[in-house]
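Chain by chain, the residues run as shown.
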Amino acid sequence: MSTDLSFQRCIHPDCGKTYAVSEVLTACTACDNLLDIEYDWSRLPVPGSLREFEAKWANRRNPLDYSGVWRFRNLLPWAPESSIVTIGEGQTILQQSNAVGKYVGSNAGQLFLQYEGLNPSGSFKDNGMTAAATHARMVGAKMAACASTGNTSASLAIYASTAQLFRVVVFVGSGKIAYGKLSQALDYDAKTLQILGDFDDALERVREVSGERGIYLCNSVNPFRLEGQKTIMYRVLEALAWEPPDWIVVPGGNLGNSSAFGKAFAELKALGLITKIPRLAVINAAGANTLYRLYHQQGLRWNDGRTDDAKIDGFFTTMDAEKRRASTLASAIEINRPVNLKKCLRALETCNGVVREVSDQDILDAKAQVGAGGFGCEPASAASVAGAKLLRAEGVIAPSDRVVCILTGHQLKDPDATVAYHSGNRELFDEKLRKQGVTSAPYANSPTVVENNLQKIIEALGV
Ligand SMILES: *Cc1c(COP(=O)(O)O)cnc(C)c1O
Ligand SMILES: [Zn+2]
């Protein structure tokens, strides 16, 4: 057992091996399971109530108090303040939206959108990357790397370019990366390797290369990242005056977010800072539904940490044998082997959670509604709203339930799908969307083509 105030610990209850925070690991060396960051809360200054965090707003000239991640640093106390790398991440808002609420089927006032696209690189990934960058600095890393469907690389690249502490190499798969995201990695001067394969291939290679060359790995197998992502839940609670909602609905890709949310609530409850834990809904795209299948078709559960590993291995062996590969327009969640699968199962247990899958059609329709009723989002993010609508229709979520949908990425990240959906250009629609099983665009807001003539323009306006 470690005597440090914070340490890393294997998630498997029969192992539980601990490691110092200063060690750079992505898995337990004894049993290869994931690691958690744990704290000896009995020897740490635990806040008396969550309201104490609001006082930090008065001290916004201190970059650590300005950060929407680090003003909660007492709840992730593993980094010395002098090591923290922050670029003002986490200035995100919770918007109550009756327009989207109506679409979902919620009562007025009960549907909320958490806009993580407002982060510096335009996705929630910055919540975790500020923590990974901090840890990289603590251990003196000269180079950091990640595999990415786009947003992780954009986030790592912006931290590297602004902090100038380490060089970055990002591994992206070929084909599906959205231009908005690729442009960020290039613009932020990250060395970019386009692997001839998909995301899962890129992740496997980057893990090998990192191990081989001692490069700091920033994928969500990095347990420090998930500590930063816990703060998304703290900000949601803060926006709701510390009253936990009934539901948190989140898209599921590599399952880092859902895992972090579960840990956040488990800790807050254990510390006596909340009494109620919201229910968690993790939403897969139907074209990338590993969690959904394992959970519903194979009955896989956390099982007190003794997950049925043979079931998981068998699932992936079959997946490979059948050459089944994830395919969805929601590229940020186009993942075959979610690395945080077991932690997500634990979070589902903690939060009495549910798992659903939604089609690309559902995702794009929900995305159009998020755009029409708010700030918009990228396709993967809209899986949360589509999932909330499905759970409402099933009666799992009640009309009176207070529901928070996490919008993980900015509207401008992936304009291709948006334009294809709205433009009314048949060729573009067929090429980008119909190929992926989207057959209609019921919420399309198509531009009207009009002659360059005042009278015609007035007629077109219809006013
Ligand atoms: C990374 C990402 C996700 C998936 O999150 P996980 O934590 O991997 O489940 C969803 N949406 C967007 C926009 C992302 O960038
Ligand atoms: Zn272990």
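Because the structure is predicted, anything quoted here is derived from the model rather than measured. (Residues numbered from 1 in each chain as written. Chains lettered and ligands numbered in written order. Predicted model: local features only at pLDDT ≥ 70, side-chain atom pairs only at ≥ 80, totals over all residues. Heavy atoms only, no water.)

A. Fine view of the state of the cysteines. The full count for this structure, using the stated rule, is zero disulfides. Between Cys 344, a cysteine without a disulfide, and Cys 351, which holds the nearest cysteine sulfur, the sulfur-to-sulfur distance is 9.7 Å. For Cys 344, a relative accessible area of 0% puts it in the buried group. (Disulfide = S-S within 2.5 Å. Buried < 20%, exposed > 50% of the residue type's maximum accessible area, 1.4 Å probe, protein only.)

B. Layout of the domain arrangement of the chain. Each domain of the chain was delimited in the assignment, giving domain 1 (6–49 + 124–223) and domain 2 (93–121 + 225–417). The distance between the C-alpha centroids of domain 1 and domain 2 comes to 21 Å. With 47 residues of domain 1 in contact, the opposing surface of domain 2 contributes 41 residues. Interface area lost by domain 1 to domain 2 is led by Phe 124, Asn 127 and Ser 220, which between them contribute 20%. There are six salt bridges connecting domain 1 and domain 2. As a salt-bridge pair, Asp 14 and Arg 306 come within 2.8 Å of each other at their nearest N and O atoms. Of all elements in the fold, only strand E3 (35–39), helix H3 (125–138), helix H4 (151–163), helix H5 (179–187) and helix H6 (199–213) reach the threshold of two or more residues within the side of domain 1 that touches domain 2. Of all the elements, H3 adds the most residues to the side of domain 1 that touches domain 2, at seven residues. Here the side of domain 1 that touches domain 2 is composed, by residue class, of 21 nonpolar, 15 polar and eleven charged. (Domains from an automatic or database assignment. Contact = heavy atoms within 4.5 Å. Buried area = accessible area lost by both parts, 1.4 Å probe. Salt bridge = Lys/Arg side-chain N within 4 Å of Asp/Glu carboxyl O. Helix = DSSP H or I, 4+ residues; strand = E, 2+ residues; numbered from the N terminus. Nonpolar A, V, L, I, M, F, W, Y, C, P; charged D, E, K, R; others polar.)

C. The arrangement of the environment of Ala 55 in detail. As for its position among the elements, Ala 55 is in the loop between E3 and helix H1 (63–66). Overall, the relative accessible area of 56% leaves Ala 55 in the exposed class. Sequence separation between Ala 55 and Asp 65 is ten residues, and the spatial gap between their C-alpha atoms is 9.4 Å.

D. Main features of the packing of aromatic side chains. Enumeration according to the criterion identifies eight aromatic pairs in this entry. The interplanar angle of 80° and the centroid separation of 5.6 Å between the aromatic rings of Phe 315 and Phe 316 together place this pair among those described as edge-to-face. By relative accessible area, which is 5% here, Phe 315 ends up buried. Classification of Phe 316 by relative accessible area gives buried; the value is 10%. Three or more aromatic residues link up through ring pairs in this structure, and these residues are Phe 53, Phe 72 and Tyr 234. The ring of Tyr 295 has Arg 301 lying over it, and the distance from NZ or CZ to the ring centre is 3.5 Å. For the cation-ring pair, Arg 324 lies above Phe 315, with the distance from its terminal atom to the ring centre recorded as 5.5 Å. (Phe/Tyr/Trp six-rings, centres within 6.5 Å; stacked < 30°, edge-to-face > 60°. Lys NZ or Arg CZ within 6 Å of the ring centre and 35° of its normal.)

E. A look at the packing of H4 against H5. The geometry of H4 relative to H5 is characterised by a closest axis approach of 8 Å and an angle of 25° between their N-to-C directions. For the element pair H4 / H5, the angle class is roughly parallel. Read as a crossing pair, H4 and H5 show a hand that is left-handed. Mapping the contact onto sequence places Asn 151, Ser 153, Ala 154 and Ala 157 in H4 and Lys 181, Gln 184 and Ala 185 in H5. By residue class, the composition of the contact of H4 with H5 is three nonpolar, three polar and one charged. (Axes fitted to C-alpha atoms, helices over the stretch in contact; angles between N-to-C directions. Parallel < 35°, antiparallel > 145°, perpendicular 65-115°, else oblique. Left-handed = near helix turned anticlockwise from the far one by under 90°.)

F. Structural detail: the layout of surface pockets. Quantified by volume, the largest pocket comes out at close to 650 Å³. Together, 20 residues line the largest pocket, and Asp 32, Arg 207, Phe 316, Pro 338 and Val 339 are the ones closest to its centre. Class assignment of the residues belonging to the lining of the largest pocket gives a composition of ten nonpolar, two polar and eight charged. In this structure, the lining of the largest pocket is formed jointly by two domains, domain 1 (6–49 + 124–223) and domain 2 (93–121 + 225–417), each of which donates at least three residues. (1 Å grid on protein atoms, 1.4 Å probe; cavity = no way out; pocket = protein on both sides within 12 Å on 5 of 7 lines; lining within 4 Å. Points joined across faces, edges and corners; volume = space filled by probe spheres on them.)

G. Layout of helix H8 (residues 256–270). Taking 1.5 Å of rise per residue, the 15 residues of H8 would be expected to cover 21 Å, and the 21 Å separating its terminal C-alpha atoms lies within 8% of that figure. Judged by how many residues are buried, H8 sits mostly within the fold: twelve of 15 residues are covered. Among the residues of H8, Gly 256, Asn 257, Ser 258, Ser 259, Ala 260, Phe 261, Gly 262, Lys 263, Ala 264, Phe 265, Glu 267 and Leu 268 are the ones counted as buried. Looking at the buried side of H8, the elements it contacts are E3, helix H7 (223–239), strand E10 (247–251), strand E11 (279–285), helix H11 (341–350) and strand E13 (403–407). Where H8 terminates, the next one or two residues include Gly 272, which has phi positive at roughly 75°. (Expected span 1.5 Å × (residues − 1).)

H. How the structure looks around empty space enclosed by the protein. Here the structure, examined in full by the defined rule, presents four cavities of 30 Å³ or more. Approximately 300 Å³ is the volume attributed to the largest cavity. Together, 27 residues line the largest cavity, and Phe 124, Lys 125, Gly 253, Asn 254 and Ala 332 are the ones closest to its centre. Sorting the residues of the lining of the largest cavity by element identifies H4, H7, H8 and helix H13 (379–394) as the ones contributing at least two each. For the lining of the largest cavity, the element with the most residues is H8, which contributes three residues. Within the lining of the largest cavity, the residues separate by chemical class into nine nonpolar, 15 polar and three charged. Of the voids in this model, the second largest cavity is the one considered here, and its volume is about 50 Å³.

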